[in-house]
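So you can see what is in the structure, the chains are spelled out below.
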Amino acid sequence: MTTQFPNFFLIDHPLIKRDMTVLRDYSTPPEIFREAVKRISHILAVEISKDLNTAEFEIETPLEKTIGFKIIDEVVLVPVLRAGLGMVTGFLEIITDAKVGHIGLQRDETTLKPVEYYYKTPKNINTAKVILVDPMLATGGSATEALNYLKKRGAKNLMFACLVAAPEGIKKLNAHHPEVKIIGAALDRELNNKGYILPGLGDAGDRTFGTL
Ligand code: PRP
Ligand code: URA
């Protein structure tokens, strides 16, 4: 679904609405939180993979020859550590042959600026469709920086998938990477003065891994 932001596409689905409620509820324990993240990731992955290209080839059913299809695009998923890891399994269960890179970024809680601590991506990063995944788009600092790193290493075909986006982060990403499409499961109101999304779901990394 299109929104007031030309680069942001909201996936409007009853199952996402139900599972986003599970994520937002402060009393949801990590094991239930992770399952809800995985289910939403399935739906996002299905939506995103609608644009993948296919090629025909001949196969034989038990009865006769017919035409089959294979996906010809290479896909690289890049979770932003840590919280992005929670979305990887859900994406891989749908886009089964995607390769996975990793970018380690942590927000400095005083400056709110992201600091890189790890980078490793597959060799085909410059020809593949690259999907950066991170549950939270808050100030947009982490996603902007992650996309900068990916472009520096040669990635050209990029998109970003998140669970919850704040208007501030969408605007920042649009200003720095206007060609990158953002797919999100929720568009929230605003950030608080600590850079947390309101109403949001809290700290996605802590809630995924139980480090609260
Ligand atoms: C969270 C989240 C994003 C970032 C979003 O990570 O997973 O990476 O904050 O905020 P931003 O848009 O303002 O940059 P965090 O830095 O808390 O690290 P973690 O995943 O290790 O918990
Ligand atoms: N990172 C999170 O995990 N949650 C927020 O609300 C903002 C940044």
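Above this text you will find the structure in question.
I will try to describe carefully the structure that is included in this document. (Residues numbered from 1 in each chain as written. Chains lettered and ligands numbered in written order. Predicted model: local features only at pLDDT ≥ 70, side-chain atom pairs only at ≥ 80, totals over all residues. Heavy atoms only, no water.)

1. Points about helix α4 (residues 141-152)
Cut-off, in case you're wondering: Helix and strand labels come from DSSP, where a helix needs a run of H or I of at least four residues and a strand needs a run of E of at least two; each type is numbered from the N terminus. Each residue after the first adds 1.5 Å to the expected span of a helix.
Taking 1.5 Å per residue, 12 residues should reach 16 Å; α4 reaches 17 Å between its end C-alpha atoms and fits that length. Taken from the residues just after α4, Gly154 is the one with a positive phi, measuring 105°.

2. Quick notes on the packing of aromatic side chains
So the rule is basically this: The pairing test for Phe, Tyr and Trp rings, Trp by its six-membered ring, is centres within 6.5 Å, and the orientation test on the planes gives stacked under 30 degrees, edge-to-face over 60, and tilted for anything in between. In this analysis the charged atom, NZ for Lys or CZ for Arg, is taken to sit over a ring once it is within 6 Å of the ring centre and within 35 degrees of the ring normal.
Scanning all chains against the criterion turns up zero aromatic pairs. One cation-aromatic arrangement involves Lys70 over Phe57; the distance from NZ or CZ to the ring centre is 5.3 Å. Positioned above the aromatic ring of Tyr119 is the side chain of Arg153, whose terminal nitrogen or guanidinium carbon lies 3.6 Å from the ring centre.

3. Re the environment of Ile59
Defined as follows: The classification of residues rests on relative accessible area computed with a 1.4 Å probe and restricted to protein chains. Under 20% of the type maximum is buried, over 50% is exposed, and intermediate values are partly exposed. Any two residues whose heavy atoms approach within 4.5 Å at even a single point are treated as in contact.
Relative to the helices and strands, Ile59 is located in strand β2 (residues 54-60). On the accessibility criterion, Ile59 (33% relative accessible area) is partly exposed. Ile59 sits 48 residues away from Ile11 along the chain, and the two C-alpha atoms are 35 Å apart. Those residues in contact with Ile59, other than ones at most four positions away along the chain, are Glu64, Lys65, Thr66, Ile67 and Gly68.

4. Some points on the site of ligand 1
Keep this limit in mind: Nearness here has a simple test: a residue counts as near a molecule or strand if at least one of its heavy atoms is within 4 Å of that partner. Polar contacts, as used here, are pairs of N or O atoms within 3.5 Å; protein pairs need one atom able to donate a hydrogen and one able to accept it. Residues neighboring in sequence count only if both atoms are side-chain atoms. We get accessible surface area from the Shrake-Rupley algorithm with a probe of 1.4 Å; when it comes to residues, only the shown protein chains can shield them. The definitions used throughout rest on a 1 Å grid laid over the protein atoms alone, on which a cavity is an enclosed set of points accommodating a 1.4 Å probe that cannot get out and a pocket is an open set flanked by protein within 12 Å on both sides along at least five of seven lines; lining residues are those having an atom within 4 Å of a point. Cavities and pockets are treated as containing a molecule whenever more than half of the molecule's atoms lie within 2 Å of their grid points. All amino acids are sorted into three groups, where Ala, Val, Leu, Ile, Met, Phe, Trp, Tyr, Cys and Pro are nonpolar, Asp, Glu, Lys and Arg are charged, and the leftover types, Gly among them, are polar.
As a structural note, the neighbourhood of ligand 1 is formed by 16 residues, with Arg107, Asp134, Thr139, Gly140 and Ser142 the closest of them. In the environment of ligand 1, an oxygen atom lies 2.9 Å from a nitrogen or oxygen atom belonging to the side chain of Arg82. Within the backbone of Gly140, a nitrogen or oxygen atom sits 2.8 Å from an oxygen atom of ligand 1. Alone, ligand 1 offers 510 Å² of accessible surface; in the complex the protein occludes 95% of this. The cavity that encloses ligand 1 is the largest pocket. Elements supplying a minimum of two residues to the shell around ligand 1: β4 (75-81), β6 (102-107), β9 (136-137) and α4. In terms of residue class, the shell around ligand 1 is made up of six nonpolar, six polar and four charged.

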